[in-house]
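# An overview of the molecular structure
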Amino acid sequence: MWIQVEFNPDLALRHISFFERWERKESECIPKNLKIWEVYNFLKKWQRNFYLLQDEPIPLIQTEWNAVLSRPHAAIRILEATHFYENGDIWTRWKYQILDIYDIENPEIHFEWFLSVKK
């Protein structure tokens, strides 16, 4: 028997086109129009542990195949988490809130070593 658990200091989701091509569930992707203070759901396969920090946001980044990661799209706060079993797989379902939204083309640094850079 084995348990697969990942510890993630950021939330890495797929581009919404993965959902549009039916390759991922919608909650496994970054929503098209992020809004500050909006609460979103996300889903990850296996048991995931994310930083639940009261005063520190974590970055929302985009992931492609082969673990290619983008610059942060937003600063978020994880609000709640649930691990559950479905169709033979273990999943983690979370709720996160958008605290700030970034232009990923802008070279300004928002996080360093997964801690937010205070303005």
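The structure this text deals with has already been given above.
Heads up: these notes are all about the structure in this document.

We now examine the layout of surface pockets. A water-sized probe, rolled over the atoms, reveals where empty space remains. Considered as a void within the structure, the largest pocket measures approximately 370 Å³ in volume. Lining the largest pocket are 22 residues, and of these Ala-12, Arg-14, Lys-44, Arg-48 and Thr-63 lie nearest its centre. Elements that contribute at least two residues to the lining of the largest pocket include exactly β1 (5–8), β2 (11–13), β3 (39–45) and β4 (47–50). Ranked by residues supplied to the lining of the largest pocket, first place goes to β3 with three residues. Of the residues in the lining of the largest pocket, the class split is nine nonpolar, four polar and nine charged. Each pocket or cavity is described by its volume, and for the second largest pocket that value is around 150 Å³. Around the second largest pocket, the lining residues are His-15, Ile-16, Ile-30, Pro-31, Lys-32, Leu-34, Gln-62, His-73, Ile-101, Tyr-102 and Ile-104. Within the lining of the second largest pocket, the residues separate by chemical class into seven nonpolar, three polar and one charged.

Thresholds, definitions, all that
- Residues numbered from 1 in each chain as written.
- Predicted model: local features only at pLDDT ≥ 70, side-chain atom pairs only at ≥ 80, totals over all residues.
- Heavy atoms only, no water.
- 1 Å grid on protein atoms, 1.4 Å probe; cavity = no way out; pocket = protein on both sides within 12 Å on 5 of 7 lines; lining within 4 Å.
- Points joined across faces, edges and corners; volume = space filled by probe spheres on them.
- Helix = DSSP H or I, 4+ residues; strand = E, 2+ residues; numbered from the N terminus.
- Nonpolar A, V, L, I, M, F, W, Y, C, P; charged D, E, K, R; others polar.

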